[in-house]
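Okay, here's what each chain looks like letter by letter:
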Amino acid sequence: MNDRLSNNWFMKWMEESLMPVLARIAQNVYLQSIRDAFSSFALPVILTGALFLIIANPPEGINWAPIHAWAKAVKPIAAQIMIPFQLTFGIMAMMVAFGTAYSLATRWDLDETMTGIISMLAFFITSFPATDVTKVTFGDVLNYLGGQGLFVAIIIGIITAIVVRFFNKSGLVIKMPEGVPPYVVRSFLALVPMFVMIVSAWIVEWIVWANFHITLPQLVLDLFKPLVAASNSYPAALAEIILMMLLWSLGIHGMNVVSSIAYPFWMAQLAANAEAAAKGLPLPGIVTEPFFHVFTHLGGSGTTWSLTIMFLLSASAQLRTIGRAELIPAIFNINESLIFGAPIVLNPILIIPFILAPAAVVTINYFAFAVNLVPRPLIQLPFTVPVFISGFLSSGGHWQGALLQLVNLIVTAIIYYPFFKMYEAQLLKNEKEVKDQE
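What you see is a predicted model, and the numbers here were worked out from it, not measured in a lab. (Residues numbered from 1 in each chain as written. Predicted model: local features only at pLDDT ≥ 70, side-chain atom pairs only at ≥ 80, totals over all residues. Heavy atoms only, no water.)

Description of the UniProt feature "transmembrane region" (unreviewed entry) in the protein chain
- This chain's UniProt record puts "transmembrane region" (unreviewed entry) on residues 37-57, 77-101, 113-130, 150-167, 188-212, 351-371 and 402-420.
- Helix makes up 100% of residues 150-167 and strand makes up 0%, while its end C-alpha atoms are separated by 26 Å.
- The span residues 188-212 shows a helical share of 100% and a strand share of 0%, and its end C-alpha atoms are spaced 36 Å apart. (UniProt positions renumbered as here; feature names shortened; annotations may be inferred. Helix = DSSP H or I, 4+ residues; strand = E, 2+ residues; numbered from the N terminus.)

Okay, here's the thing in structure tokens:
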């Protein structure tokens with residue numbers, strides 16, 4: 001009885017005190033825009049570049065003649081094959097700068113395209129040394145237009161949208177008379193905020209260069225290095241997954257809340273891995289976006305693939321129905337029908353394994369990557385890529401990635417099973433009582 005009261009008190013506290021705060025975080029317009037910038041603008045660029053990275057770096061650890069032939073064929077032209085990868089990953093931050101401003105402009109009813117362009121130009125200026133640019137090697141700047149410039153890109157994207165909104169609301173823009181073509185009107189409306197942002201970016205970059213002899217992205221990256229390092233730790237990964245699952249247990253999209261804050265750190269680690277792979281160096285990043293979406297959320301948040309199969313084979317008619325409805329979505333790692341249909345939300349029996357299973361998987365993943373039993377995540381994929389295929393591709397074409405996913409599925413099945421049986425027994429009892437009443 002005491003345990004039940006304790007659980008009820010905890011759930012009530014979560015629902016009444018914590019849930020509103022985290023719901024506001026999830027609905028924060030700035031965090032939503034940052035997430036949209038990555039998923040809508042940076043992801044296509046990353047995926048395209050990743051294909052060339054795979055082509056130039058075949059999984060030679062696989063002892064198979066076609067793989068060796070492939071490696072031999074691409075070796076003489078590897079540098080040329082890597083050009084699209086270097087230039088796509090190398091503008092990741094530019095796309096985020098554009099996308100963050102664009103997404104905010106959409107929400108604030110501004111000119112999305114012009115706002116995005118202003119942000120991108122301002123970020124571009126801050127990434128170059130305040131010196132004779134004709135003597136600057138573009139390759140030296142490329143890193144800061146990519147993964148190492150993400151934090152500045154986000155900041156500039158937000159500031160740009162705020163500046164554009166200010167000038168539009170205050171009327172401090174150049175307005176053209178009626179009859180002028182719309183594209184000309186757009187250009188002149190953007191002229192004042194563009195001038196302000198570009199001049200401001202130029203001044204800030206000049207000040208930073210004069211005092212520190214580094215660019216603004218380099219300076220901010222140095223300041224954020226402790227946070228980036230901390231985000232790549234096991235405690236950080238464990239805390240993030242537990243928070244995700246606690247939020248889901250209350251009906252809040254946990255991944256959206258956590259990723260809106262942690263995404264830049266995950267992507268910085270992933271960019272560092274891609275850069276290291278291109279140079280043939282060991283990969284430094286463990287806690288990346290694929291660490292969660294590819295190797296943890298198998299079947300969806302909560303690692304529910306095994307639970308879906310249990311439901312499908314259940315003696316309970318209710319659980320079988322949910323299992324049949326969830327089977328196809330689970331292939332593509334979508335499990336809202338399971339989370340809300342079982343339900344897992346606010347279900348004291350299923351919440352326990354819903355938190356424990358992903359926590360166990362995160363522990364296995366971190367250990368496997370840390371001791372190099374499995375090649376570290378290298379490529380971000382859409383979260384809908386099915387299990388095993390995603391593990392193989394995200395680890396750079398190594399079979400160990402798919403094997404890690406299989407191990408995780410087995411472990412989560414063991415964790416879920418006793419709780420599933422407990423819940424199944426409860427439902428069977430209820431179903432029997434209903435039949436007896438009929």
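Remarks on the domain arrangement of the protein chain
- Parsing the protein chain into structural domains produces domain 1 (20-223) and domain 2 (276-436).
- Taking only C-alpha atoms, the centre of domain 1 and the centre of domain 2 are 33 Å apart.
- The interface of domain 1 with domain 2 comprises 11 residues on the first partner and 13 residues on the second.
- Between domain 1 and domain 2, a total of about 950 Å² is buried, with carbon and sulfur atoms accounting for 75% of that surface.
- On the surface where domain 1 and domain 2 come into contact, there are zero salt bridges.
- Inspection of the domain 1/domain 2 interface yields zero residue pairs in polar contact (both at pLDDT 80 or more).
- Of all the elements in the fold, those that place two or more residues in the side of domain 1 that touches domain 2 are helix 2 (29-56) and helix 4 (78-89).
- Take the side of domain 1 that touches domain 2: its biggest share by element is six residues, from helix 2.
- A class-by-class count of the residues in the side of domain 1 that touches domain 2 yields 10 nonpolar, one polar and no charged. (Domains from an automatic or database assignment. Contact = heavy atoms within 4.5 Å. Buried area = accessible area lost by both parts, 1.4 Å probe. Salt bridge = Lys/Arg side-chain N within 4 Å of Asp/Glu carboxyl O. Polar contact = N/O pair within 3.5 Å; in protein donor to acceptor, adjacent residues only side chain to side chain. Nonpolar A, V, L, I, M, F, W, Y, C, P; charged D, E, K, R; others polar.)

Some points on the pattern of salt bridges
- The full count for this structure, using the stated rule, is three salt bridges.
- A salt bridge links E275 to K279; the nearest nitrogen and oxygen atoms lie 3.2 Å apart.
- Salt-bridge contacts for E424 lead to K421; the nearest nitrogen and oxygen are separated by 2.8 Å. Taken as a pair, E424 and K421 lie in helix 19 (residues 399-437) at a separation of three residues, close to a single helical turn.
- For E424, a relative accessible area of 5% gives the class buried.
- Relative accessible area serves as the criterion here: at 34%, K421 is assigned to the partly exposed category. (Buried < 20%, exposed > 50% of the residue type's maximum accessible area, 1.4 Å probe, protein only.)

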